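Residue-level structure breakdown
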Amino acid sequence: MSIQAPLWPIAGARAIIGLLWLFSLRWKLPPDFMPSEGRGLMDWLELEVTHAAFPLYGTLVEQLVIPNFTLFAWAIFLAELIVGLSLLTGAFTRFGAFIGLGLAVNLGIGLLEVPGEWPWSYAMLAMWHGLFFVTRAGRVWGLDALRARN
């Protein structure tokens, strides 16, 4: 006999992490990707170069991302928006979780040695996205459940 745990706690966590992604967009809003006060996306990219845990990563950010800032800023903004909406609504959850996993790993690598950052938070974020991916977390309290019925 197998016992199956309820999926509603995972669905709740999925929605909360979706809100986290959407809330994090406030400090990197187009068109300049800067908040009204505090650090913006360019500031964080420069910290990734200055405090690169892996020299190749720092060089990549310095020579590819920063010179093409607007392109990468839009890509980051749209990716985080898609992940946030996907997880919040439970729509295309596996896709959103997969993209979120990539974003979390990238954040962890980029911010690993930045003073004041806690890299384990990105490991936990990556683990949550892996869980959402393997459990198809949109099947409970999500639009994926509606799509599956049709």
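This part is about the side chain of His129. For His129, the position within the fold is in helix α6 (residues 120–135). Using a relative accessible area of 0% as the deciding quantity, one classes His129 as buried. The residues touching His129, leaving out its near neighbours within four places in the chain, are Ile17, Trp21, Val83, Leu87, Gly96, Ala97, Gly100 and Leu101.

Within the structure shown, the criterion is met by two salt bridges. Lys28 is the salt-bridge partner of Glu80, the closest N and O atoms lying 3.0 Å from each other. Of this pair, Glu80 sits in helix α4 (residues 69–89) while Lys28 sits in the loop between α1 (8–24) and α2 (41–50), placing them 52 residues apart in sequence. Just as Glu80 is buried, Lys28 falls in that class too. In this structure, the salt-bridge partner of Arg147 is Asp144, at a minimum N-O distance of 3.3 Å. Taken together, the positions of Arg147 and Asp144, both in helix α7 (residues 143–149) and three residues apart, correspond to about one turn of that helix.

About the cut-offs
Each chain carries its own residue numbering, running from 1 in the written order of its sequence. Side-chain atom pairs in this predicted model are given and counted only at pLDDT of 80 or more, local residue features only at pLDDT of at least 70, and totals for whole chains, interfaces and linings cover all residues. Processing note: side-chain calculations cover all non-hydrogen atoms of the structure and skip hydrogens and water entirely. The helix and strand labels rest on DSSP assignments: H or I over at least four residues marks a helix, E over at least two residues marks a strand, and numbering proceeds from the N terminus. Any residue under 20% of the maximum accessible area for its type is buried, any over 50% is exposed, and the rest in between are partly exposed; the area is computed with a 1.4 Å probe on protein chains only. Contacts are residue-level and defined by heavy atoms, with any inter-residue pair within 4.5 Å sufficient. Here, a salt bridge means any Lys or Arg side-chain nitrogen found within 4 Å of an Asp or Glu carboxyl oxygen.

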